[in-house]
Amino acid sequence: SQVSFEEESQNPPAVGHWKPLMPSKGDKEEPEGGCQDAGGVHEPQSTEQLNVSRLRSSSVEIREKGSEFLRDELHKAQKELKLKDKECERLSKVREQLEQELEELTASLFEEAHKMVREANTKQAAAEKQLREARGKIDMLQAEVTALKTLVITSTPSSPNRELHPQLQSPSKAGFRKGHGRNKSTSSAMVSAASQNVAPEPASRECKEVDSILFAEFQAWKESPTLDKSCSFLDRIYREDVGPCLDFTKQELSELVRVAVEQNTLTIEPVASQTVPVGKVAAEECGGPKKCALSGLPRTCKHRIMLGDSGNYYYISPSCRARITAVCNFFTYIRYIQQGLVRQDVELMFWEVMRLRREMSLAKLGFYPSEM
């Protein structure tokens, strides 16, 4: 429209002559030349005014149409801006929600990582402790296996070779070593058991008959050896031998000794006459070289015991030592059977167990070798 308006303004319409169709009666005829002069003056002016009015009306129309178009475009732009604002607001909420979820996820991950690190450290500490304990047990078992192999190869518990085992000799022959000897119940038990049979009777003079009930209980235990006292085999031995053999006057100390023997944490040491009690326990409870801590009677005590790693020593008489040693011998032998170190026939193992039970019975009745 603007282009057509410019074209019209540049090309004005041609001016023509208006001729009256019929002259009025009152008018006088004028010369033809005069009429042409008058018409030539007024006709250009009216044409110009018409053109100006046309131009004004077209420009107004163009302005109105342009304004209406611009208003429509403005409304469209405003609607689009509102939609954009809503979309931006929605996206900002989504971003905030994602940021919050990310923070929560990060915090939970860090917490879980710290928890896993703590658990790993705890498990590592427990594993290291178990490793140290296992290494200690392995060293102890290796020493026991070495001692057992030497004992089995060179002698038997019923007839020890005293030349190959000078520790089995009497104090008068072997002499008293300077200082204190220390050995665990597992290794000293078999040695002490062998020393009790100084002059065993020949096998031909002894008649033996297998008790069917005892042998059946031993066979059932041998199929799945365990140290659990609830099985019939060990339950009978606890009731008939172990319990009475470790039943001393001092009941509280007797219970501690029984637990130490079962857990293999009992230590027996020879002592010299000038040795004094060591530990936190009162001297009355520990006894002394002239008083037994288990029986409470005045006896000459050549040995003392320590329960675990407590550091407390208790002086014991030869009779109490014989009773403790007999029980240790029994537990040592059944531990060897449980670990698969005894390669014998079932009946031979049964008779060895019966022999160890007999030693416990004799010890609890007060019989012990003079070497004790």
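Structure: above.
The following paragraphs examine the structure supplied in this document. The structure presented is a predicted model; accordingly, all values stated were derived computationally and were not measured.

1. Examining helix α7 (residues 251-262)
In this model α7 runs 17 Å from its N-terminal to its C-terminal C-alpha over 12 residues, within 8% of the 16 Å that 1.5 Å per residue would give. Elements in contact with the buried residues of α7: β2 (266-270), β3 (303-307), β4 (313-316) and α9 (318-338). Just downstream of α7 lies Asn-264, where phi reads positive at about 60°.

2. Re helix α5 (residues 212-223)
Side chains three or four residues apart in an α-helix point the same way, a direct result of the helix having 3.6 residues per turn. Here α5 contains 12 residues, and its C-alpha end-to-end distance of 17 Å stays within 8% of the 16 Å for a straight helix at 1.5 Å per residue. The set of residues buried in α5 consists of Leu-214, Phe-215, Glu-217, Phe-218 and Trp-221. Seen from one end, α5 has its buried residues packed into an arc of 160°, which puts them on one side. Along α5, exposed side chains directed more than 90 degrees from the buried face belong to Ser-212, Ile-213, Ala-220 and Glu-223.

3. Some details on the side chain of Asp-241
Mapped onto the secondary structure, Asp-241 falls in helix α6 (residues 232-245). According to the relative accessible area criterion, Asp-241 is buried, its value standing at 3%. Polar contacts involving the side chain of Asp-241 include one to the side chain of Arg-357, which spans 2.5 Å. There is a polar contact of 3.4 Å between the side chain of Asp-241 and the side chain of Ser-361. Those residues within four positions of Asp-241 in sequence are excluded, and the remaining contacts are Arg-236, Arg-357, Met-360, Ser-361 and Lys-364.

4. Side note on the packing of aromatic side chains
Per the counting criterion, the structure on display carries eight aromatic pairs. The interplanar angle of 90° and the centroid separation of 5.2 Å between the aromatic rings of Phe-215 and Phe-350 together place this pair among those described as edge-to-face. Of this pair, Phe-215 sits in helix α5 while Phe-350 sits in helix α10 (residues 346-364), and the two are 135 residues apart along the sequence. Pair check on accessibility: Phe-215 and Phe-350 agree, each one buried. A ring pair is formed by Phe-330 and Phe-331, whose centres lie 5.6 Å apart and whose planes are at 70°; its orientation type is edge-to-face. A single burial state applies to Phe-330 and to Phe-331, both of which are buried. Through a chain of ring-to-ring contacts, three or more aromatic side chains come together here, namely Phe-215, Phe-218, Trp-221, Phe-233, Phe-350 and Trp-351.

Rules used in this analysis
Residues numbered from 1 in each chain as written. Predicted model: local features only at pLDDT ≥ 70, side-chain atom pairs only at ≥ 80, totals over all residues. Heavy atoms only, no water. Helix = DSSP H or I, 4+ residues; strand = E, 2+ residues; numbered from the N terminus. Expected span 1.5 Å × (residues − 1). Contact = heavy atoms within 4.5 Å. Buried < 20%, exposed > 50% of the residue type's maximum accessible area, 1.4 Å probe, protein only. Arc of directions from axis to C-beta. Polar contact = N/O pair within 3.5 Å; in protein donor to acceptor, adjacent residues only side chain to side chain. Phe/Tyr/Trp six-rings, centres within 6.5 Å; stacked < 30°, edge-to-face > 60°.

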